[in-house]
Amino acid sequence: MAAIAPDAIKRQSFRLVMWLFTLLTIVPFALLLLTSLKSKQDLFRGAFALPAYPHFENYVSAWVDGHFGTYFWNSIIVVVPVVTCSIVLGLLTGFAFAFLSFPFKRSIFVILTIGMMVPTEAFIIPLYYEMRYLGLLNSYAAMILPQIAMSLPFATLFMAATMQQLPKDVMEAALLDGASRGLILRRVIVPLLKPAISSLGLFLFIWTWNEFLIPLILVNDDAFRTMPLGMLFFQGRYTVNTPVLTAGAVLVIAPIIVVYLIFQRKFIEGLTAGASK
Amino acid sequence: MAPVKLANVRKSFGAVEIIQGVDVDIVDGEFLVLVGPSGCGKSTLLRMIAGLESISSGEIAIGDRVVNDLEPKFRDIAMVFQNYALYPHMTVERNMGFSLEHRGHSKSEIAERVQWAAQILDLAKLLDRYPRQLSGGQRQRVAMGRAIVRNPQVFLFDEPLSNLDAKLRVVMRAEIKSLHQRLGVTTVYVTHDQVEAMTMADRIVVMNGGKVEQIGTPLELYDRPANRFVAGFIGSPAMNFLPGTITRAGFEAGGVTLPLPGPIAERDGQDAVYGIRPEHLALDGEGLEAEVLLVEPMGSETQVTLRLAGQQMIAVFRERISARPGETIRLRPDVAAAHLFDAASGARLN
């Protein structure tokens with residue numbers, strides 16, 4: 001029997017472990033997708049049994065009866081301004097931290113970092129009273145404004161860090177070319193940071209889309225509920241109809257996957273930016 | 001075009017003074033090269049002229065304006081960077097026209113100026129390309145094009161040829177020089193390559209440790225270096241140095257006596273360093289004995305590393321040399337071209 005090289009064994013075991021982890025990640029999603037296409041009867045034939053034909057009516061049922069149509073648009077109404085405003089503000093504040101000198105720069109930077117560490121649970125009650133005082137409970141603003149504020153520390157640090165990695169002499173060349181700060185940001189930095197902006201946008205999209213506590217506490221009118229919150233109340237109503245329930249879950253995660261696939265290339269570019277020349 | 005005047009310019013980072021009082025008058029239309037080893041402050045000085053670094057004290061004037069507190073964009077200068085610093089997301093045409101776009105120039109005027117610069121630099125066919133689609137030499141030409149479209153008063157070059165290969169460097173060196181001759185704009189050029197400095201400069205400023213060691217034309221620096229540092233820095237291969245003592249009989253070093261350049265009898269007994277350039281050592285049957293260590297034929301000349309008076313030295317001969325390592329040859333220094341430096345201060349004695 002030919003001896004197997006230890007390197008080959010190492011490589012094969014590594015592959016095996018990787019495949020194991022891949023399956024661990026994919027199988028629950030595949031099961032979720034499979035279940036969402038089954039009828040109630042198919043369900044009793046086993047978790048991995050294929051349905052006779054795909055039951056897309058589960059999705060229609062979730063979208064219409066489960067109000068996912070409303071929840072979906074509510075999520076879009078909240079996510080778009082949060083992501084857009086956070087990116088624009090993050091670019092401005094990131095630029096300031098990366099290139100400008102101003103009083104208490106370090107202290108403000110530390111405060112921003114702390115802002116990222118504090119969990120929502122720690123300030124949700126004061127936030128509730130604040131929103132009530134402002135008369136914003138049960139409104140889109142109640143979900144949008146706090147989430148912009150919560151996204152800003154990360155957006156600032158992320159943008160500042162990426163801007164600092166840009167070639168310094170390109171900025172200096174623009175300065176010598178007579179460009180103002182605003183023009184340098186708009187015409188030089190933003191185009192160069194497109195991959196990083198895409199990555200940031202994707203992060204913020206995922207976080208905002210999945211945000212649960214803020215809409216749960218600050219909104220109790222079904223007309224303003226977002227997807228994750230809608231899922232919670234949908235679960236309460238449809239515990240007996242697992243296929244429709246899983247169709248609802250797929251509807252919640254599908255936009256994230258679609259957005260990721262669209263920005264995938266830029267996202268990877270952003271993650272690896274600066275790794276090599 | 002404008003003269004540039006640096007008067008007692010200093011720069012400190014905390015307690016460390018990295019530019020220690022530099023005075024240079026750059027004449028209108030002059031090509032001045034700042035040269036020195038890494039960390040000598042030459043790039044910092046250039047960036048101070050550009051306004052990219054503040055100055056701690058002193059005065060910088062461009063034309064008749066003191067520009068100490070003036071932002072870079074108001075100094076009417078253009079700079080070419082070592083890494084080209086092109087805008088990667090803009091075409092060659094937009095790169096070159098960018099500085100004109102926000103200075104109130106019309107589109108037709110910008111196009112005209114870009115075309116003019118592109119013609120001069122042979123970039124007309126590359127205007128639609130992006131920097132990533134260009135070779136190193138082409139990128140450097142775009143960087144120069146970006147500088148000349150603005151018709152600035154002063155050009156600043158920060159080691160622009162460092163990233164190019166040896167052959168292209170020679171070509172670009174000639175291009176920069178001919179561009180200067182054509183446009184006549186005052187130019188300050190930073191390099192650590194003394195060959196670049198010698199071939200391009202009207203005058204050279206040799207810097208070391210934040211100070212100016214000597215200012216002069218290339219041949220002044222080569223023929224009469226003010227001190228041992230300049231003597232060793234300018235010239236390739238570098239000048240040979242022999243430490244020893246000045247005596248009435250000549251310069252005594254390592255058991256041999258060399259002829260002294262000039263009447264310096266009053267320095268009898270003084271410790272000094274004898275400097276002789278490699279091409280000023282000639283073969284002579286009556287000369288000093290030297291052991292051959294290495295022979296490097298270059299074609300047009302032969303470079304021989306040898307040991308003379310206990311010191312390793314280099315000699316360059318135009319004629320073919322048949323000597324082999326280990327053999328002994330006899331050499332005679334050209335006394336008229338010899339240099340003497342003070343052993344302690346390094347200052348020139350003759």
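For every chain, the first residue of the written sequence is number 1, and numbering continues from 1 onward in sequence order. Whichever chain is written first is A, and whichever ligand is written first is 1; the rest continue in order. Local features in a predicted model are, by the rule used here, given only for residues with pLDDT of at least 70; side-chain atom pairs are given and counted only at 80 or more, and totals for whole chains, interfaces and linings are based on all residues.

Taking an unreviewed UniProt entry as the reference, chain B is identified by name as Carbohydrate ABC transporter ATP-binding protein, CUT1 family belonging to Consotaella salsifontis. Regarding chain B, the relevant UniProt record gives this comment under Subcellular location (unreviewed entry): "Cell inner membrane". UniProt positions are given in the numbering used here, feature names are shortened, and annotations may be inferred rather than shown by experiment.

If you look chain A up in an unreviewed UniProt entry, it shows as Carbohydrate ABC transporter membrane protein 2, CUT1 family from Consotaella salsifontis. According to the UniProt record, the Subcellular location (unreviewed entry) comment for chain A is "Cell membrane".

Counting secondary structure elements, chain A contains 13 helices and 0 strands. What you see in chain A, going N to C, is helices and strands ordered as α-α-α-α-α-α-α-α-α-α-α-α-α. For 277 residues, the compact-globule estimate of 2.2 N^0.38 gives 19 Å, and chain A exceeds it by more than 25% at 24 Å. Along the longest, intermediate and shortest principal axes, the C-alpha atoms of chain A span 75 × 70 × 30 Å. Exposure is read from a count of other C-beta atoms within 10 Å of each residue's own; the residue is exposed at 12 or fewer, buried at 20 or more and partly exposed in between. C-beta atoms are placed from the backbone. A total of 277 residues make up chain A; the buried ones form 32% of that total. Whether two residues are in contact is decided by their C-beta atoms, placed from the backbone, lying within 7 Å. In chain A, 79% of the contacts between residues at least 6 apart in sequence involve partners at least 24 apart. Here a strand is any run of E in DSSP of at least two residues, a helix any run of H or I of at least four, and the numbering for each starts at the N terminus. Here the globule rule is a power law, 2.2 Å times the number of residues to the power 0.38, and the radius of gyration is based on C-alpha atoms.

Turning our attention to the overall build of chain B. When you go through chain B residue by residue, the secondary structure sums to 8 helices and 19 strands. When its C-alpha atoms are laid out on the principal axes, chain B stretches across 75 × 45 × 35 Å. The buried share of chain B, taken over its 350 residues, is 40%. Considering only intrachain contacts with a sequence separation of at least 6, the fraction spanning at least 24 residues in chain B is 65%.

Turning next to the environment of Lys42 of chain B. Residues and elements named next belong to chain B. Within the fold, Lys42 resides in helix H1 (residues 42–50). Remark: the alpha-carbon pair of Lys42 and Ile120, spanning 78 residues in sequence, is separated by 29 Å. For Lys42, the contacting residues outside a window of four places in its chain are Leu34, Val35, Gly36, Val190 and Met207.

Another aspect to go through is the UniProt feature "transmembrane region" (unreviewed entry) in chain A. All names here are of chain A. The positions UniProt marks with the feature "transmembrane region" (unreviewed entry) are residues 16–37, 71–100, 107–128, 140–161, 196–218 and 238–263. Structurally, residues 71–100 comprises 97% helix and 0% strand, and the distance from its first C-alpha atom to its last is 42 Å. The span residues 140–161 is 100% helical and 0% strand by assignment, and the distance between its end C-alpha atoms comes to 31 Å.

Moving on to the packing of helix H2 (residues 92–101) of chain B against helix H4 (residues 136–148) of chain B. Residues and elements named next belong to chain B. Only the stretch in contact is used when a helix axis is fitted, and all axes are lines through C-alpha atoms; the angle between N-to-C directions ranges over 0 to 180 degrees. Where H2 meets H4, the axes come as close as 7 Å, and the angle between the chain directions of the two elements is 30°. Classified by the angle their axes make, H2 and H4 are roughly parallel. For the pair H2 and H4, the crossing hand works out as right-handed. Taken together, the residues of H4 that come into contact with H2 (itself represented by Val92, Asn95, Met96 and Ser99) are Val142, Gly145 and Arg146. An angle counts as roughly parallel when it lies under 35 degrees, as roughly antiparallel when it exceeds 145, as roughly perpendicular when it falls between 65 and 115, and as oblique in every other case. Crossing handedness is read from the near helix: turned anticlockwise from the far helix by less than a right angle, it gives a left-handed crossing, and turned clockwise, a right-handed one.

Let us look at unusual backbone geometry. Residues and elements named next belong to chain B. With an omega of 0°, the peptide bond between Ser236 and Pro237 qualifies as cis. By secondary structure assignment, the location of Pro237 is in the loop between helix H8 (228–233) and strand S11 (240–246). In this model, Asn8 sits at a positive phi of 50°, which is unusual for a non-glycine residue. If you trace the backbone, Asn8 turns up in strand S1 (residues 4–13). Phi at Asn151 takes a positive value of approximately 50°, unusual for a residue other than glycine.

Attention now moves to the confidence of the model for chain B. A low pLDDT score tells you not to read the predicted coordinates there in detail. Per-residue confidence from the prediction method is given by pLDDT, with values spanning 0 to 100. The share of residues in chain B with pLDDT of 70 or more is 99%, and the mean pLDDT across the chain is 92. The ipTM value of the predicted complex is 0.83, and its pTM value is 0.81.

A few words on the sheet that holds strand S15 (residues 281–297) of chain B. Two pairing modes exist for strands in a sheet, parallel and antiparallel, and in both the strands are linked by backbone hydrogen bonds. Residues and elements named next belong to chain B. DSSP calls a pair of strands paired once it identifies at least 2 bridges connecting them. Strand order across the open sheet formed by 4 strands is S17-S16-S15-S18, with antiparallel pairing between neighbours. Both edges of this open sheet fall to strand S17 (311–317) and strand S18 (328–333), since each of them pairs with a single strand only. If you compare each strand with its neighbour and ignore which way they point, the axes differ by 50° on average. Here S15 runs beside S18; their pairing, made up of 7 bridges, is antiparallel. Paired with Glu289 across the bridge in S18 is Arg330.

Time to look at the interface of chain B and chain A. Size of an interface, as often reported, equals the accessible area lost when the parts are brought together. Each side of the interface is counted separately: chain B has 17 residues, and chain A has 14 residues. Note on residue categories: nonpolar means Ala, Val, Leu, Ile, Met, Phe, Trp, Tyr, Cys or Pro, charged means Asp, Glu, Lys or Arg, and polar means any other residue, Gly included. The residue inventory of the side of chain B that touches chain A, partitioned by class, reads 11 nonpolar, 4 polar and 2 charged.

Glancing now at the environment of Arg225 of chain A. Structurally, Arg225 of chain A can be placed in the loop between helix H11 (213–218) and helix H12 (227–237). Between the alpha carbons of Arg225 of chain A and Phe263 of chain A there is a distance of 27 Å; along the sequence they are 38 residues apart.

Further remarks concern the confidence of the model for chain A. Summing up the model confidence of chain A, the mean pLDDT is 89 and the portion of residues at 70 or higher is 94%. Within chain A, no element has a lower average pLDDT than helix H13 (residues 242–272) of chain A, which sits at 82, and none a higher one than helix H4 (residues 68–99) of chain A, at 96.

This part is about the environment of Val110 of chain A. On the secondary structure map, Val110 of chain A appears in helix H5 (residues 105–117). The spatial distance from the C-alpha of Val110 of chain A to the C-alpha of Leu216 of chain A is 30 Å, given a sequence separation of 106 residues.

Turning next to the pairing of strand S4 (residues 57–62) of chain B. Residue and element names in this part refer to chain B. Both S1 and S4 contribute to a ladder of 5 bridges, which runs antiparallel. Residue pairing in the sheet places Leu6 in a bridge with Ile60 of S4. Here S4 pairs with strand S5 (residues 65–66) via 2 bridges, running antiparallel. Counted as the bridge partner of Ala61 is Val66 from S5. Adjacent in sequence and paired antiparallel, S4 and S5 are bridged by 2 residues, among which Gly63 carries a positive phi angle near 65°.

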